[in-house]
Amino acid sequence: MANPSKRPGLSRAVGGFVGFSVIAGILVTAMVTPALAVSTQAVTGAISIFDDLPDYLTIGEQAQQNVVYATRGGQPVEIARIYDQNRQEVGASEVSTYLKDAAVDGEDRRFYDHGGVDVPSVVRAAIGNAAHNEITSGSSTLDMQLVKNILVQQALQIDNPKKRKAAYTAAIDDTLQRKLKEMKLAIGLDKRYTKQQILLAYLNITGFGGNTYGVQSAAQQYFSVDAKDVTVAQAASLIAIVQQPNQQNLGDPKLYPANKVRRDQILTDMYEEKDITKAQFDEAMATPIASEVKLSQTNNGCLYAADAKFACDYVRQLVPTLTALGATAAERSENWATGGYKVYTSIDLDQQDVAQKAIDADAPATETRFALGAVADAIQPGTGRILVMAQNKQFDNTPQATSAATSVNYSTDHQFGNSIGFPTGSTYKIFTLTDWLQNGHGLNDIVNGSVRTFQQSSFTASCDPSQLQGPPYTPKNDAGDEGGSMSVLNATVNSVNAAFVGMAQKLDLCDIRDDAEAMGVHRADGAPLKVDPSTVLGTNEIAPLTMAGAIATIGANGLYCAPTIVDKIVGPTGKNLGGQPKNCSQTISPDIASTVAYALAAVMSRGTGAAGSPHDGIPIVGKTGTSDGAYQNWLIATTTKVSLAVWVGNIEGTARLRTAKNPQGDQSLRTITIAGTNGSNTKFNIFRVTMKSLNSNPDYKGGAFPSPNTQYLKGSGVTVPNVTGQQLGQATTLLEGLNFDVTNGGPVASGLPVGQVVRTSPAAGTSASLGASITVYTSDGTLATTMPSIVGMSRSDAVKALVADGFSASDVSYNWVSSSPATICKVTMSDPAGGSSTSTDTAVTLSVNNGTGTNGTDPGALCP
């Protein structure tokens, strides 16, 4: 074969621009006049047109594929290719000599000899055009074709639709102006670049039908081989496409005959130019096109991702925000469209697959009774790196998507996946608990968990008081027996709604919101977080990924790191451009974070989250959440190394379920069985399997949480004084003086004089928070009585006498004293003493002879 690098070259400029202007003037006149005779005036006009055209053009980078990676076994793995044009730019060594020769021999035989424009071809074309009354057909060199392709690509990158259309039309219109522009730019191109550079640029830019550009992508698309490995016949078939890509490509067998005609001509040209041997020529000519074609499946976009499709789409949606791609959102989008980037994500496919399998098993996308959704999102505390983003629906962004598929990413905000989030339920209590501790209260403070009505005016929302204009709020507890006095710790462990609303009543709802925002929480729809009292129980609609980031803050001892998925981006030139910047800040003090973790650890060990804990010895803290009606269900938890948020719920309402009380038509997860288990337990099954797998990986194996600060266990609570026996007014004055809020619990059965205080709730001696509500109960006097005189009676007769006067036998205890056998079983003393005022519910202690010489010995059956 001939070696192109050794072919002699002629004068590149054909006498330079000035000399060529004269030639162009004559040629232009010949191309537009039916006769060969030309006038001096016509030549002069053509020279003017030619000289006014630009003479500078650079090859530049062309649109290429972007490649997205995740990791498996700690190594990068390609999961998707995303591109506007299916092109992979390759170097000269990556292109077969057959392709280079086919392009030159078939399209421009004098390529190595002319200076960008083949004058004899232009003359020949001009004569032919004059004969056929045409304007610009023929005479295009590879240089001129490259110019046209560059101008077309530049036009396609214009954002403004009108300007883009105008530029594209100017690049392809069959006009004299366009042809002259190509000629002049081709000459400039030939002066600026070597022939090898021009040929390679042509092979990388030219279209091969549909959205396929460049020989590498074309070879893979039609033959499933690289451009360096094509056969002679394949090379000729590929170059045959460029003449008429839409009529001669190999995507449809109906086009094979047209391709073969052109292919065979190119093979003949290659043989005549001695670039292939007679044997190679004969073999290629005899090769049926159908035997060579092996079409590759289209792989453009996250729809065709090998794994983690929603994570892939999240990366695509993030492009305008990725500073590694450019200085502005517009520049980043433009650079991404040009392509050639390698994006390395933080997704761990080993863990992703475990989560996906668990979701598929427990929240099947094929559920038809209602619109079931589920996700699992894992984040690394202290870095924010997203490790898992799994969803029960398959990813499909086509109009043909079935009910088992969607393009909506339920893990993310609306901006990045079109989801508007979901009510978080009691997971939001984490932020009230945080603010509670920040305001000097403690986990051991006693609060009121009883269901009651709260007036809007009793709350504080300093940032927006207008949100407290609604009707009185009466939150329900999840279980009917959760009321009464309890510690904040137990209120957290058992997720007692009324207790937390009562706690929020003593705080500023805007401060609770601020703590949530400090941990990265925001509404998925972009609106501000609401601050009315119901938000304490999680009515704001938030994305699961956001909640995974929030709980990760506790795992990192108060360090919040914004979730990121892009570890690094490698540019088209191979330069590492960096990834999403790590954005971390200490938003909660370590002492507060460790105390919150202490409470949430109890949730996972013995509280509402215990069913979801893997119980594998790895310390874990977390919180469950259930929205009103049990329509949305959550479990968010974290170790010191990995956080996990699992959401299961209704994506949208179902018509048959709509009622006056359920206008949206949502399905309660508590009243339906999903994959063999009650729907309210689905979150536990997914979480347990996924977290166990994460914990088994040494990279994600967490350790012990810091010990809680004793100050925040006790808080600045006040010990409730003993006011038993006082009058209600006297007790109220004392309690209010200690900044307690006093509630009259009314009269209760008691032997104390009517109106005297019997007891309080919380009880005397306990630590209650500042401003806590103390309920005072007074005596109704119904149990008042006089202690009967029972000294000298036998034990059995004494008990009978007590019961007859209204006492309970179960309230009687005995103090056995030594005595002679003759006085066994005789009562020697009672407490209370006979004749004293007492209550029938009072415990009675009787001192009874045991007939032995030893105190404390129970005579048993000897004393019935």
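All values reported here derive from a predicted model rather than from experimental measurement.

1. A short note on the sheet that holds strand 13 (residues 566–570)
Judged by pairing direction, the sheet is mixed, and its 4 strands sit side by side in the order 2-1-3-13 without closing on themselves. Strands with a single pairing partner mark the edges of an open sheet, and in this sheet they are strand 2 (75–82) and strand 13. When strand polarity is set aside, the average angle formed by the axes of neighbouring strands in this sheet is 25°. In this structure, strand 3 (residues 342–348) lies alongside strand 13, joined through 4 bridges in antiparallel fashion. Within the sheet, the bridge partner assigned to threonine 345 lies in strand 13 and is valine 566.

2. A closer look at the state of the cysteines
What makes a disulfide is a covalent bond joining the sulfur atoms belonging to two cysteines. On inspection of all chains with the given rule, the structure shows 4 disulfides. Between the sulfur of cysteine 463 and that of cysteine 510 lies a disulfide, 1.9 Å long from S to S. Its torsion about the S-S bond being -80°, the disulfide of cysteine 463 and cysteine 510 is classed as left-handed. Residue cysteine 463 is located in the loop between strand 9 (446–448) and strand 10 (485–487), and its partner cysteine 510 is located in helix 22 (residues 509–518); the two are separated by 47 residues in the primary sequence. Two residues share a disulfide in this structure: cysteine 561 and cysteine 584, whose sulfurs sit 2.0 Å from each other. Sign of the S-S torsion, about 115° for the bond between cysteine 561 and cysteine 584, identifies this disulfide as right-handed. A residue pair is termed long-range when its members are at least 10 positions apart, and cysteine 561 in strand 12 (residues 559–561) and cysteine 584 in strand 14 (residues 584–586) qualify at 23 residues.

3. Overview of the environment of glycine 765
With respect to the element layout, glycine 765 can be found in the loop between strand 22 (757–761) and strand 23 (767–768). Classification of glycine 765 as exposed rests on a relative accessible area of 57%. Sequence separation between glycine 765 and proline 721 is 44 residues; the distance between their C-alpha atoms is 6.2 Å. Setting aside its immediate chain neighbours within four residues, glycine 765 contacts Thr719 and Val720.

4. Considering the pairing of strand 16 (residues 632–638)
Counted residue by residue, strand 16 has 7 buried out of 7 residues, so it is predominantly covered. Because side chains alternate across strand 16, one face comprises the buried residues Gln632, Trp634, Ile636 and Thr638, and the other comprises Asn633, Leu635 and Ala637, equally buried. Relative to strand 16, strand 15 (residues 621–626) is paired through 6 bridges, and the arrangement is antiparallel. Residue pairing across strands places lysine 623 opposite isoleucine 636, the latter belonging to strand 16. Sheet topology note: the strand 16/strand 17 (residues 643–650) ladder contains 7 bridges and is antiparallel. Of the residues in strand 17, the one forming a bridge with alanine 637 is leucine 644.

5. Quick look at the packing of helix 5 (residues 142–156) against helix 8 (residues 195–205)
Contact geometry of helix 5 with helix 8 gives a least axis separation of 9 Å together with a crossing angle of 50°. Regarding the angle of helix 5 to helix 8, the classification is oblique. For the crossing formed where helix 5 meets helix 8, the hand is left-handed. Of the residues in helix 8, those touching helix 5 at Leu142, Asp143, Gln145, Leu146, Asn149, Ile150 and Gln153 are Lys195, Ile198, Leu199, Ala201, Tyr202 and Ile205. Split into classes, the residues belonging to the contact of helix 5 with helix 8 amount to 8 nonpolar, 3 polar and 2 charged.

Analysis parameters
Residues numbered from 1 in each chain as written. Predicted model: local features only at pLDDT ≥ 70, side-chain atom pairs only at ≥ 80, totals over all residues. Heavy atoms only, no water. Pairing = 2+ DSSP bridges. Helix = DSSP H or I, 4+ residues; strand = E, 2+ residues; numbered from the N terminus. Axes fitted to C-alpha atoms, helices over the stretch in contact; angles between N-to-C directions. Disulfide = S-S within 2.5 Å. Buried < 20%, exposed > 50% of the residue type's maximum accessible area, 1.4 Å probe, protein only. Contact = heavy atoms within 4.5 Å. Parallel < 35°, antiparallel > 145°, perpendicular 65-115°, else oblique. Left-handed = near helix turned anticlockwise from the far one by under 90°. Nonpolar A, V, L, I, M, F, W, Y, C, P; charged D, E, K, R; others polar.

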